[in-house]
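Here is how the chains run, residue by residue.
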Amino acid sequence: MSNCQNCGVENLAALVNCTACGTTMPPADLPDDISQIWRIRFDLIEKAGGPGLPMRQQLSFGEHFRMTWNIWAFLFGPFYFLVKGMWRKALVYWLLGFVPLMLIDLASPDNELGPLKFGVNIAAAAWCMLRSNTDYYRKLVLKDNGWW
Ligand SMILES: [Zn+2]
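Reading the values: rules and limits
- Residues numbered from 1 in each chain as written.
- Predicted model: local features only at pLDDT ≥ 70, side-chain atom pairs only at ≥ 80, totals over all residues.
- pLDDT = per-residue confidence, 0-100.
- Helix = DSSP H or I, 4+ residues; strand = E, 2+ residues; numbered from the N terminus.
- Core = buried A, V, L, I, M, F, W, Y, C linked by C-beta atoms within 7 Å.
- Buried ≥ 20, exposed ≤ 12 C-beta atoms within 10 Å, placed from the backbone.
- Contact = placed C-beta atoms within 7 Å.
- Axes fitted to C-alpha atoms, helices over the stretch in contact; angles between N-to-C directions.
- Parallel < 35°, antiparallel > 145°, perpendicular 65-115°, else oblique.
- Nonpolar A, V, L, I, M, F, W, Y, C, P; charged D, E, K, R; others polar.
- Domains from an automatic or database assignment.

## Remarks on the confidence of the model for the protein
Turning to step 1, where the next piece is worked out: In the predicted model, the protein carries a mean pLDDT of 89, and the fraction of residues at 70 or more is 95%.
Turning to step 2, where the next piece is worked out: Considering each helix and strand of the protein separately, the mean pLDDT is smallest for strand S1 (residues 2–3), with a value of 77, and largest for helix H3 (residues 71–76), with 97.

## Some remarks on the nonpolar core
Turning to step 1, where the next piece is worked out: Membership of the largest hydrophobic core is limited to nine residues, which are Ala73, Tyr80, Phe81, Met86, Ala90, Tyr93, Ala124, Cys128 and Met129.
Turning to step 2, where the next piece is worked out: Among the elements of the structure, helix H4 (78–83), helix H5 (87–107) and helix H6 (114–140) are those that each provide at least two residues to this core.
Turning to step 3, where the next piece is worked out: Counting residues per element, this core draws most heavily on H6, which supplies three residues.
Turning to step 4, where the next piece is worked out: Setting aside chain neighbours within four positions, we find Met129 in contact with Asn70, Ala73 and Phe74.
Turning to step 5, where the next piece is worked out: Grouped together as the second largest cluster of nonpolar side chains are eight residues, Ala48, Tyr136, Tyr137 and Leu140 included.

## Focus on the packing of H5 against H6
Turning to step 1, where the next piece is worked out: For the pair H5 and H6, interaxial distance at closest approach is 10 Å and the crossing angle is 170°. Of the possible angle classes, the one that applies to H5 and H6 is roughly antiparallel. Along the contact surface, H5 presents Lys89, Tyr93, Gly97, Pro100, Leu101 and Ile104, while H6 presents Leu116, Lys117, Val120, Ala124, Trp127, Cys128 and Asp135.
Turning to step 2, where the next piece is worked out: Across the contact of H5 with H6, the residue classes tally to nine nonpolar, one polar and three charged.

## Considerations on the domain arrangement of the protein
A common way to report how large an interface is uses the accessible area buried once the components associate.
Turning to step 1, where the next piece is worked out: Under the domain assignment used here, the protein contains domain 1 (1–69) and domain 2 (73–148).
Turning to step 2, where the next piece is worked out: With centres defined by C-alpha atoms, the gap from domain 1 to domain 2 works out at 27 Å.
Turning to step 3, where the next piece is worked out: Listed by partner, the interface residues are twelve residues for domain 1 and seven residues for domain 2.
Turning to step 4, where the next piece is worked out: Of all the secondary structure elements, the ones that give two or more residues to the side of domain 1 that touches domain 2 are helix H1 (36–47) and helix H2 (61–68).
Turning to step 5, where the next piece is worked out: In terms of residues, the side of domain 1 that touches domain 2 owes the most to one element, H1, which gives three residues.
Turning to step 6, where the next piece is worked out: Class assignment for the residues of the side of domain 1 that touches domain 2 results in ten nonpolar, one polar and one charged.

Quick look at the structure:
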């Protein structure tokens, strides 16, 4: 949360404009180079009650989509987290995906379980995408970057 310099109304930390008077808000304590896309995502995460998203039902379908959609996290999975400086989560998510895939390989040397492997890959990619924006919010806004 941060207060508008013009009218004093309290606004969500990631908002670009004051909701009451429209004045451009200072960039809170977010990095200056953070893009508009991330500001919108962070606003929506705050509207949903924070990174745990306890009030996510209040978001419309479109807002929910904009809050969670992250094609790069889907495509690159743990490597996306690594690039974003979230290396602890990158490591944990990589293990969570890699271990089941390795077990499937061991159980099916002739790739009989190929479809299952494909399913695990998709699930891991979806998991990384669903986690990416809230995890980045935790890192940038809450200064919380991982579990240890
Ligand atoms: Zn204002």
